[in-house]
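Examination of the molecular architecture
Single-letter residue listing:
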Amino acid sequence: MDAVLQLVDASFRAQQDMEKSLRDIDRRALNAMILVKRHGKVLAGYGVVAQAFRERAAKLREAAAHLQADIAPLIEVQMRILQHTRLQDSILQMERRLGERGSRCASLADSRQTWAQRIHKEEEQAHFILRRLLTTVEKLLEGIEEQEYVVTNGRIEAALVEAVGAPLMRVSRDMGEAVAAVADAIHRYKTQLENLAYESRTDL
Amino acid sequence: MDREILEDYLPEARELLEQAQEMALRLEADPQDDNILASLFRAFHTLKGGAGFLEATALVDWAHHLEDLLDRLREHTVAVTPAVIDGILGGIDVIADMLNTLALGEEPSPGPEELARTLSQLAAATEQKKTEQAAAAPDTPSQGVTTTASDEISTADFAAALGRLKSAAPSAKPQTTDEISQEEFEAYLDSLYGGGAPGLIEATSPSTPAPQPSPAPSSTIESAAESPSRNGSPPTQGSTVHATPAGNELADSTLRVDAQRLDAVMNQVGELVLLRNRLTSAAAKILDSDEDLARIAREMDLTVNDLQNTVMRLRMQPCKRLFQQLPRVVRDASRQLGKEVRLDIVGEEVEIDKTVVDALSAPLTHLLRNSLDHGIEYPAEREALGKPREARIRVAAIHLGDKVRIEVSDDGHGIDAQKVAAKAVEKGLITAEQATRLSEQDAIELIFRPGFSTNDRVTDISGRGVGMDVVRETTRALRGRLDLSTRSGQGTTVALEFPLTLAVLPVLYLRLRREIYALPISSINGLLDIDPRRQHRLGGQSVYRVDSDNVVPLVDLGHILHQRPLRLGAEVSEGVLTDRGLLLVSEVLGTEDSVVKALDFLSEPNWYQGATISGQGQVVLILDPASIVQKALEGVSVPRSAKVAT
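One numbering rule holds for all chains: residues counted from 1, following each sequence as written. Here the convention is simple: chains get letters from A, ligands get numbers from 1, in the order in which they are written. Local features are withheld for residues below a pLDDT of 70 in this predicted model, meaning they are given only at 70 or higher, and side-chain atom pairs are given and counted only at 80 or more; totals for whole chains, interfaces and linings count all residues.

1. Side note on the overall build of chain B
Helix and strand assignments come from DSSP, with helices taken as H or I runs of at least 4 residues and strands as E runs of at least 2, each series counted from the N terminus. Summing up its helical and strand segments, chain B has 21 helices and 19 strands in all. In this scheme every C-beta is placed from the backbone, and a residue whose C-beta has 20 or more other C-beta atoms within 10 Å is buried, one with 12 or fewer is exposed, and one in between is partly exposed. Here chain B holds 646 residues, and the buried ones make up 37% of them. At a minimum sequence separation of 6, the contacts of chain B that also span at least 24 residues come to 70%. In this description, any two residues whose backbone-derived C-beta atoms lie within 7 Å of each other are considered to be in contact.

This is how it looks when you write it as structure tokens:
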């Protein structure tokens, strides 16, 4: 139960952090594009970088949306596993009480078996969703690495057109900070997912 | 009158007149420069030749009057005086009016007799002087003198001479058309005037020593781009009129195109830009799966950008065209007012969209006249204040990224905010209560209100209360920005900023709840994540603390456009920091190069600059941030004043 609640909390936090950070990235990219537009063709090179930064930010948002899409089913499955485990436990208790009285009910054993199979299937499903989530997180991290590469290009481009007087170095630094914030949020979430996978019965 | 010849003649004649005016003013500043005189002669001579072809006799006569006068000046038998320059400038005005009449397809009237008499008297005075000189020194050869009356020709003579020239041309040089060369034309004109038309005397010909020029003119014109008095080089304007080899090369490499055709090309490119936006938007949805299509879309994007830039350059014109009228304005107004003014012009070579050049002519004149009448002190007053007698007005064009800034500054006494506010109360533009609440800057900006003038008496220069509001409205219509700064005793600067081109408008799309709007990027300073803790109230107005030393008005677009404010914290919101304040919106979406479509059917004033079609194919309204912020600020002040009134 604690693990599920922790997952819910972690998912909510991650969702909030990523949404805010990705929005921040998008805003900074837009700010850079506005700056470029206001300087005419002189900063066209940086414009390409800013555009790439924004496009990748959009892809990150898309990937983050997929992440969110998987979290709800995972929580659902985890809740079902919890519910069905409790049912299985209560049947087992009934069987024990009957055994203490020296009687035995075959249908109860059969029912418990059915619930155990169902729980196993649900655990497989949770395992599948968790793996998919971790894969999405890995993709997000790859996207972050690409963003970091774009930011580095932006810094080079900013240095090349420093004479223009536009605050591109500051813009690049802001972009870098926004990317670092998203990367932090994703790393924290990945750790939570791995902890859940480790603590849960799901054997990854 | 041959319409085709007229259409070719008019633009060239107007250019010649503009050059003639500039040269006349330069001649006043440098009366000894024979090259300027020669160029001036040549301008009127060419004007006269063209007018002869059109049989515009009144225009021929006037050009001839001026040639006569200039001829006398060339002989150095008379000095270049302000009165002479007045006569020449007056003649230029008359010819300009005649050209306007010709443009309407009508025959120009003979022109003002009084000025004709003045010109004749000036020339006659010279004749008299020459006679006296001849009597005093009979051995002095009289060179280059042509009569004024006898070189007039009748239309019949002109046609006959033209026929002779045409019939003679093939034998001299075989030609396939009936066109005549510039040299032949000049030779023909020379033959008409008995071997030398007035003004065609060699510049190096010896002449009678010139009398000393009259006292210095009241205004001095100094151009940073070309200052013949400073570098001693001859003026270059005349070279475009002369058929010099350089002139021919220039003519070969340039082409005069009807502005309407250019506008048509611009409109078509605008449509292409809109189509490109839609294609890019549609293609973005499938690009991931089709590399080829993605590449084609990128290449098309670049090609359309290049085409757009090329067309934009076609419409660009140097600010020189805009500034060339100003020396005359300063000269005439300063003489009329009895003030001594030096005009410095900087950045004539800076280029700006043709629409801006065309529209800004009158506002610039207003600004200069206002400076001269209200800003600049009288020479004695300036001396008493420890300032040089000669005041300075500086007109500058500065290229700033995607904008051009045009500054008009003077070193006069500045604007007295209290006096302006008092005058506004007197004229009923604001109440006394409102006046007490105005900041200094707000009070100064009252001068842009329609009907405002600090002059009690109406003069030719100013005082009617029209002008500054026209300047502001024109700036707004051109999607520009107007700033005014003044320092008591030191002067005033009015700065107008305009986008480099009006052909394409880069915009930022934003969402306000479910509706999409656009804002011109040129007005945006940045995008902010709104922190409710930075929002404050100041004098009934919402303000936002952008950083430690920057507090700006906060304008809720939901309140202005939906009459329902955005709920900070409860509704998603972002801030767009503009030149005028921070606009609160639901979300910023992205940038795009758009083409503005005018909203002619909306009443004025409104807070839209126009509409565009987004890449998604939606019609999107383009907001005018300055009007919106002004509306928001008025929304605060109006109820307050109403309350006071009750």
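On we go.
2. Some remarks on the overall build of chain A
Helix and strand counts for chain A come out as four helices and zero strands. For chain A, the sequential pattern of α-helices and β-strands runs α-α-α-α. In chain A, buried positions account for 33% of the 204 residues. For chain A, the proportion of contacts with a sequence separation of at least 24, taken over those separated by at least 6, is 82%.

3. Some remarks on unusual backbone geometry
Notably, R513(B) is not glycine yet its phi reads approximately 55°, a positive angle. One can find R513(B) in the loop between β9 (505–512) and β10 (515–520).

4. Topic: the interface of chain A and chain B
Of the residues lining the interface, ten residues belong to chain A; the matching set on chain B comes to 14 residues. In terms of residue class, the side of chain A that touches chain B is built from three nonpolar, three polar and four charged. Throughout, the ten residues Ala, Val, Leu, Ile, Met, Phe, Trp, Tyr, Cys and Pro are labelled nonpolar, Asp, Glu, Lys and Arg are labelled charged, and all others, Gly among them, are labelled polar.

5. Digging into the pairing of strand β6 (residues 403–410) of chain B
Residues and elements named next belong to chain B. For strand β5 (residues 391–400) and β6, the ladder comprises eight bridges, and the chain directions are antiparallel. Within the sheet, the bridge partner assigned to V395 lies in β6 and is V408. At least two bridges found by DSSP between two strands is the condition for calling them paired. Where β5 folds back on β6, the antiparallel hairpin that results is connected by two residues, among which G401 adopts a positive phi of roughly 55°. Summarising the sheet, β6 and strand β8 (residues 491–499) pair through eight bridges and their orientation is antiparallel. Bridging from a neighbouring strand, V408 pairs with V494 of β8.

6. Structural notes on the nonpolar core
With 132 residues, the main nonpolar core has V182(A), L508(B) and V555(B) as its most contacted residues. Of the residues forming this core, the biggest block, 13 residues, is contributed by helix α2 (residues 44–100) of chain A. Take the buried Ala, Val, Leu, Ile, Met, Phe, Trp, Tyr and Cys residues, join any whose C-beta atoms are within 7 Å, and the set you get is a nonpolar core. Of all hydrophobic cores here, the second largest spans 41 residues; its members include L16(B), A24(B), W62(B) and I88(B).

7. Notes on the confidence of the model for chain B
Residue and element names in this part refer to chain B. Per-residue confidence from the prediction method is given by pLDDT, with values spanning 0 to 100. With 75% of its residues at a pLDDT of at least 70, chain B reaches an overall mean of 76. Segment residues 193–219: pLDDT under 50, and 64 contacts once partners within four positions in sequence are set aside and those in other chains are kept. Long-range and interchain partners of residues 637–646, a stretch whose pLDDT sits below 50, account for six contacts in this model, where long-range means more than four residues apart.

8. Structural notes on the packing of helix α10 (residues 259–284) of chain B against helix α11 (residues 291–314) of chain B
Residue and element names in this part refer to chain B. Fitting a line to C-alpha atoms yields each axis, with helices limited to the stretch in contact; the angle taken between N-to-C directions then spans 0 to 180 degrees. In the contact formed by α10 and α11, the axes pass within 10 Å of each other and the chain directions differ by 160°. With respect to α11, the axis of α10 lies roughly antiparallel. Note on packing geometry: the crossing formed by α10 with α11 is left-handed. The residues of α11 that touch α10, namely those facing L262, V265, M266, V269, L272, V273, R276, L279, T280 and A283, are L293, A297, M300, D301, V304, L307, Q308, V311 and L314. Residues of the contact of α10 with α11, tallied by class, amount to 15 nonpolar, two polar and two charged. Angular relationships are summarised with four words: roughly parallel below 35 degrees, roughly antiparallel beyond 145, roughly perpendicular across 65 to 115, and oblique for the angles in between. Each helix crossing is assigned a hand: it is left-handed if the near helix lies turned anticlockwise from the far helix by less than a right angle, otherwise right-handed if that turn is clockwise.

9. Description of the sheet that holds strand β16 (residues 582–585) of chain B
Residue and element names in this part refer to chain B. Pairing in this open sheet of six strands is mixed, and the strands run β11-β15-β16-β14-β13-β12 from one edge to the other. What marks the edges here is a single partner per strand, and that holds for β11 (524–529) and β12 (535–538). Between one strand and the next, the sheet's axes are offset by a mean angle of 35°, whatever the strand orientation. In this sheet, β16 lies alongside strand β15 (residues 574–578) in antiparallel orientation, the contact comprising four bridges. Across the sheet, residue L577 finds its bridge partner in β16, namely L582.

10. Notes on the environment of L528(B)
Residue and element names in this part refer to chain B. For L528, the location among the structural elements is in strand β11. Put simply, L528 and V576 are 48 residues apart on the chain and 6.2 Å apart in space, counted from C-alpha to C-alpha. Among all residues touching L528, those that are not within four sequence positions of it are G575, L577 and L582.

11. Describing the packing of helix α14 (residues 354–375) of chain B against helix α19 (residues 468–477) of chain B
Residue and element names in this part refer to chain B. For the pair α14 and α19, the least separation of the axes is 9 Å and the interaxial angle reads 145°. In terms of crossing hand, the pair formed by α14 and α19 is left-handed. Residue-level contacts link A359, L360, A362, P363, H366, L367 and N370 of α14 to M468, V470, V471 and T474 of α19. Tallied by class, the residues present in the contact of α14 with α19 amount to eight nonpolar, three polar and no charged.

12. Quick notes on the environment of A183(A)
In this fold, A183(A) is placed in helix α4 (residues 168–199). Taking the C-beta count within 10 Å as the criterion, A183(A) has 18 such neighbours and is therefore assigned partly exposed.

13. Overview of the sheet that holds strand β18 (residues 608–613) of chain B
Read from one edge to the other, the open sheet built from five strands follows the order β17-β9-β10-β19-β18 (chain B), with strand pairing classed as mixed. Strands at the two margins of the open sheet, each flanked by one partner only, are β17 (587–594) and β18 of chain B. Strand-to-strand twist in this sheet, taken as the mean axis angle between neighbours without regard to direction, amounts to 35°. Where β9(B) and β17(B) come together, seven bridges link them in antiparallel fashion. For V507(B), the partnering residue across the bridge sits in β17(B) and is E592(B). In the packing of helix α1 (residues 2–38) of chain A onto the sheet, the strands contacted are β9 and β17 of chain B, and the crossing angle to β17(B) comes to about 30°.

14. Topic: the environment of N35(B)
Mapping N35(B) onto the fold places it in helix α2 (residues 34–53). Each C-alpha atom, one on N35(B) and one on R74(B), is 9.9 Å from the other, the two residues being 39 residues apart in sequence.

15. Re α1(A)
Helix span is expected to be 1.5 Å times the residue number reduced by one. With 37 residues, α1(A) ought to run about 54 Å at 1.5 Å a step, and its terminal C-alpha atoms sit 53 Å apart, in line with that. Looking at the residues trailing α1(A), positive phi occurs at G40(A), about 70°.

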